[in-house]
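Report on the structure
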Amino acid sequence: MPEAAMPAPPADSTRRATATPRKAGAAREATLHFALDGVGTPRIPLAESRERARAAYERLALPSWRRSGFWTTSLEQLDLEGLERRTHEPQPSGPAFLDGQRSAGVLLQRDSSVVHVELEPELAERGVILCSLEDAAREHSELFERYYLRRLPIDRHKLEAASAAFWTGGAFLYVPPGLHVPDPFQIVYEISQGGTAQYVHTLAIAGAGSDVRLREYGLAGDSDGDSLHAGQFELYLEDGARCRLAQVVDWGVGGVHDVSTSSVEVERDAWCHWLPALLGGALIHHHDEIAIAGTGGDMAFRGLFFTERDERLDVFAVDLHETGPSGGDVHWRGAASGDSRASFEGLIKINHGAQQSHTYLQFHSMLLSASAELDAIPSVLVGADDVSASHGGTVGELDEDLIFYMQTRGLTRPQAVRVIVEGFFEPLIVQLDDPPLEQLIRERIGAKLAGAADEIERYALAR
Amino acid sequence: MAELEIRDLHVRTEEREILRGVDLTIRSGELHALLGPNGSGKSTLANTIMGHPGYEVTEGQILFDGKELRELAPHERARLGLFLAFQYPVAVPGVSVANFLRMAINAQRDEPIKVKEFGSQLEHAVKLLDVDRAFTSRHLNDGFSGGEKKRAEILQMAMLQPQIAVLDETDSGLDIDALRTVAEGVAKLHDEQGIGALIITHYQRILDYVKPQFVHILMDGRIVMRGGPELVARLEREGYDPIREEVAANA
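Residues numbered from 1 in each chain as written. Chains lettered and ligands numbered in written order. Predicted model: local features only at pLDDT ≥ 70, side-chain atom pairs only at ≥ 80, totals over all residues.

Brief notes about the overall build of chain B
Assigned secondary structure in chain B consists of eight helices and ten strands. Each principal axis of the C-alpha atoms in chain B carries an extent, and together these give about 60 × 40 × 35 Å. Out of the 251 residues in chain B, the part that is buried amounts to 43%. (Helix = DSSP H or I, 4+ residues; strand = E, 2+ residues; numbered from the N terminus. Buried ≥ 20, exposed ≤ 12 C-beta atoms within 10 Å, placed from the backbone.)

Structural data, given as structure tokens:
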């Protein structure tokens, strides 16, 4: 059954993103089996998949999720009908924050419209395609049809159905076999103001033996009023392809609800380093799944998040091994301040026959306020007998001895806290091997810490 | 020329009174040793000088160049030129020794230190303390051996160039080679930079390599005896018991 079938929270709940304490119970175990598990949507024409998704959209109610067994995330209060799908005219330049960075190509979608696409001419000559997904469906129909929705369902819950039915613009990237592209492709989804509904879809293919860097951004300035970003992302790494994928989500202060599913398929001897950085949003519900689909496939799946104020975050990260030998290394870190609540479920799933799969899942958390909550649920499902799969984790708070130590070296208390939290995320950030992106993430974490400084101080003094 | 003056210092933790009237004055260029049995209050004194929030000063004064420190946060005391080498340095995950040093130096200056200037200072300090340059790219104290932690403390001292440093049992847990390196490092810093130091120790071994001019013995929260290097020799010969008896007889 889809996740949307979870019990609804009490009708009297008034918060936009409700977090209702619940007793752990039988329904909890069901989440283990919500992995996509390679199930996509059969190859059907785009119009037909949109029609099916629309029917599901109309049938289904707004979802609530009960991730951890302790609390529930609900979108039932979201006024979906009140949100607008805004369109925009094309513009001559890309997003300002990328100015001065080297890029292989840039695609910018504002609300419902792709407003800017640029691709290095030399790469275009060598067969690279970067365009809106709308254009790809028309102009590169063979590639589009071969991959579109291969590993993504369209009707597990209302917002997934909405995304599949209503997406506009979208991004399509194709890198032909054997091509090494050192500079990153940058895909930016931007929400321009409150009251917006944005439905998007990214489809990226790295041909056999290619080497690609891809960054996807979800960004919004501070805004008033609820918005929705419902996204689907799929990346296919053909045999021997290598990809560094980073997804940076920062919806700012305001009411952006982000409900997205990302799927990465790693074929034979291919390799992926994937890092989602979830740095802000009223409600983020992400299902991120990486599947090793070919022998010798390997991956490093990193992730970080930092919630503040009354943000809600719910991540389901899946490390799926469909065949072996295969490798995996999942390492997520999360911090929570304010009244925020975050829940991380990591699942290792090794299918029957995926012998000699070796993987490890670790999650580290840090609480920065007394009223924040952070849950972690590691799960391992193993269907083969010659494998290694294990998990570990830590739960941390600010260490007063460490703060004192740094103070005696001249750092102020807020400086010391910043060093600790940055140091907490640093093991993941340094692995990005991408200085502009590393700097962006460090700056954003620094800004969040500065914003939460008073409350972190109160928390520290109260303990 | 700096002066740290402690007057009639009384300190308590939540449980009990630990220091019961300590008087001690340390000037730059002077080497002091503070010896005492376990539980006499040595670490309490070190932590209180730097402003650890777990210790409450109930009476007395701590003055740095005549300025009362009691109301100052630990970082403000550091910026005046005080330094504490910890008995148990904590790990700073995710921050390399070099980056931490740069942060600490910049915290004490108006303008950030120039890359070149920092590099040559670090080069010098690394040589002085006989550590491998690769050491400075490891995360500070993270997975360090006992000896590496203590060397990292002295390396920080060398780079921060305090006026007066308190070394809290820097010799504990070190083998003889590590002890010699650390102690000689302290002696060189004293000679080169003219820092004043309060060397707190339980054993006397470190004093084979650093020769204090002033020796103080702390027992039950009070300094019960003062003298020169000859006091170290006496302690080594007789242990604490005869001193305890002598103090009791004179009381």
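Topic: the overall build of chain A
Assigned secondary structure in chain A consists of ten helices and 21 strands. Taking 23 Å as the expected radius of gyration for a compact globule of 463 residues, we find that chain A reaches 21 Å, a close match to that expectation. Along the first, second and third principal axes, the C-alpha atoms of chain A reach 60 × 55 × 45 Å. Per-residue burial for chain A yields a buried fraction of 53% across its 463 residues. Sequence separation of at least 24 residues holds for 83% of the intrachain contacts in chain A that already meet a minimum separation of 6. (Rg over C-alpha atoms; globule rule 2.2 N^0.38 Å. Contact = placed C-beta atoms within 7 Å.)

A closer look at the confidence of the model for chain B
With 100% of its residues at a pLDDT of 70 or more, chain B shows a mean pLDDT of 92. Here helix 6 (residues 176-193) of chain B stands out as the element of chain B with the lowest mean pLDDT, 85, in contrast to strand 1 (residues 3-12) of chain B, whose mean of 97 is the highest. (pLDDT = per-residue confidence, 0-100.)

Topic: the nonpolar core
Among the nonpolar cores identified, the biggest contains 206 residues, and A:Val266 and A:Cys272 are the most heavily contacted of them. Beyond its immediate chain neighbours, meaning those up to four positions away, A:Val266 contacts A:Leu237, A:Cys272, A:Ile290, A:Ala291, A:Ile292, A:Ala293, A:Gly294, A:Gly297 and A:Met299. (Core = buried A, V, L, I, M, F, W, Y, C linked by C-beta atoms within 7 Å.)

Topic: the packing of helix 3 (residues 97-107) of chain B against helix 5 (residues 146-160) of chain B
Residues and elements named next belong to chain B. Relative orientation of the contacting elements helix 3 and helix 5 amounts to 35 degrees, with a least axis distance of 10 Å. Crossing of helix 3 against helix 5: the hand is right-handed. For the pair helix 3 and helix 5, the contacting residues are Val97, Leu101, Ala104 and Ile105 in the first and Ala152, Gln156, Met159 and Leu160 in the second. Per-class residue counts for the contact of helix 3 with helix 5 are seven nonpolar, one polar and no charged. (Axes fitted to C-alpha atoms, helices over the stretch in contact; angles between N-to-C directions. Left-handed = near helix turned anticlockwise from the far one by under 90°. Nonpolar A, V, L, I, M, F, W, Y, C, P; charged D, E, K, R; others polar.)

Here we look at unusual backbone geometry
Residues and elements named next belong to chain A. Each neighbour pair has its own omega, and for Gly324 with Pro325 the value is -5 degrees, a cis peptide bond. Within the fold, Pro325 resides in the loop between strand 16 (312-321) and strand 17 (326-336). Not every positive phi belongs to a glycine, and Asp111 is a case in point at roughly 50 degrees. You can see Asp111 is positioned in the loop between strand 3 (105-110) and strand 4 (113-119). In this structure, Asp433 takes a positive phi of about 55 degrees despite not being glycine.

Considerations on the interface of chain B and chain A
Many authors give the size of an interface as the accessible area that is lost as the parts come together. Counting from both sides, the interface comprises 21 residues of chain B and, opposite them, 17 residues of chain A. The set of elements that each furnish at least two residues to the side of chain B that touches chain A consists of helix 2 (74-80), helix 3 and helix 5 of chain B. If you tally residues by element for the side of chain B that touches chain A, the top one is helix 2 of chain B, at four residues. The residue inventory of the side of chain B that touches chain A, partitioned by class, reads 15 nonpolar, five polar and one charged.

Some points on the environment of A:Leu123
All names here are of chain A. Note that Leu123 resides in helix 3 (residues 121-125). For Leu123, a count of 19 C-beta atoms within 10 Å corresponds to the partly exposed category. Distance in space between the C-alpha atoms of Leu123 and Ala104 is 7.7 Å, their sequence separation being 19 residues. When sequence neighbours within four positions are dropped, the list of residues in contact with Leu123 reads Ala104, Gly105, Val128 and Val181.

Section: the sheet that holds strand 9 (residues 214-219) of chain B
All names here are of chain B. Spatially, 6-7-8-3-9-10 is the arrangement adopted by the six strands of the open sheet, whose pairing is mixed. Because the sheet does not close on itself, it has two edges, and the strands there are strand 6 (82-85) and strand 10 (222-227). Averaged over all pairs of adjacent strands, the angle between their axes in this sheet comes to 20 degrees, without regard to strand direction. Relative to strand 8 (residues 196-201), strand 3 (residues 31-35) runs parallel, the two being bridged by five bridges. Among the inter-strand pairings, Leu31 is bridged to a residue of strand 8, identified as Ala197. (Pairing = 2+ DSSP bridges.)

Some points on the sheet that holds strand 11 (residues 242-250) of chain A
Residues and elements named next belong to chain A. Taken in spatial order, the ten strands of this open sheet run 4-3-7-9-11-13-15-17-19-21, and their pairing is mixed. The outermost strands of the open sheet, each flanked by one partner alone, are strand 4 and strand 21 (388-397). Shown here is a sheet whose adjacent strand axes are inclined to one another by a mean of 10 degrees, direction ignored. Where strand 17 meets strand 19 (residues 357-367), eleven bridges bridge the pair, whose relative direction is parallel. In the sheet register, Ala336 faces strand 19, and the bridge partner there is Leu367. Strands strand 13 (271-278), strand 15 (298-307), strand 17 and strand 19 of the sheet are contacted by helix 8 (residues 413-429), whose axis makes an angle of about 165 degrees with strand 17. Docked against the sheet, helix 9 (residues 435-451) engages strand 9 (211-220), strand 11, strand 13 and strand 15, running at close to 25 degrees with respect to strand 11.

Some remarks on the packing of helix 4 (residues 115-128) of chain B against helix 5 of chain B
All names here are of chain B. At a minimum axis separation of 10 Å, helix 4 and helix 5 run at an interaxial angle of 135 degrees. Taken together, the axis directions place helix 4 and helix 5 in an arrangement best described as oblique. Between helix 4 and helix 5 lies a crossing whose hand is right-handed. Between helix 4, through Gln121, Leu122, Ala125 and Leu128, and helix 5, the contact on the second element is made entirely by Leu155, Ala158 and Met159. Residues that form the contact of helix 4 with helix 5 fall into these classes: six nonpolar, one polar and no charged. (Parallel < 35°, antiparallel > 145°, perpendicular 65-115°, else oblique.)

Describing helix 3 of chain B
When we look at burial in helix 3 of chain B, the residues that qualify are B:Val97, B:Phe100, B:Leu101, B:Met103, B:Ala104 and B:Ile105. On its buried side, helix 3 of chain B packs onto helix 8 of chain A together with helix 4 and helix 5 of chain B.

Focus on helix 9 of chain A
Residues and elements named next belong to chain A. Between its first and last C-alpha atoms helix 9 spans 24 Å; for 17 residues at 1.5 Å apiece the expected length is 24 Å, and the two agree. Within helix 9, the full set of buried residues consists of Leu437, Leu440, Ile441, Ile445, Lys448 and Leu449. The buried residues of helix 9 occupy an angular sector of 165 degrees when projected down its axis, which confines them to one face. Every exposed residue of helix 9 that faces more than 90 degrees away from the buried side is listed here: Pro435, Gln439, Glu443 and Ala450. (Expected span 1.5 Å × (residues − 1). Arc of directions from axis to C-beta.)

Topic: the environment of A:Pro427
Residues and elements named next belong to chain A. Its location among the elements puts Pro427 in helix 8. Classification of Pro427 by C-beta neighbours within 10 Å gives partly exposed; the count is 16. Once the C-alpha coordinates of Pro427 and Glu142 are considered, the two residues, 285 residues apart in sequence, prove to be 41 Å apart.

Overview of the confidence of the model for chain A
Averaged over every residue, the pLDDT of chain A is 89; the share at 70 or more is 91%. In this model, residues 1-30 of chain A is a region of pLDDT below 50 whose contacts with residues beyond four sequence positions or in other chains number 57 contacts.

As for the environment of B:Met103
Here B:Met103 shows up in helix 3. Separated by ten residues in sequence, B:Met103 and B:Ile113 place their C-alpha atoms 9.4 Å apart. The contacts of B:Met103, once residues within four sequence positions are left out, are A:Leu411 and A:Val419.

Focus: the pairing of strand 17 of chain A
All names here are of chain A. Counting buried residues in strand 17 gives nine out of eleven residues, a clear majority hidden from the surface. Of the strand pairs in this sheet, strand 15 and strand 17 are connected by seven bridges, and their pairing is parallel. Each residue of the ladder has a partner; that of Phe305, found in strand 17, is Gly334.

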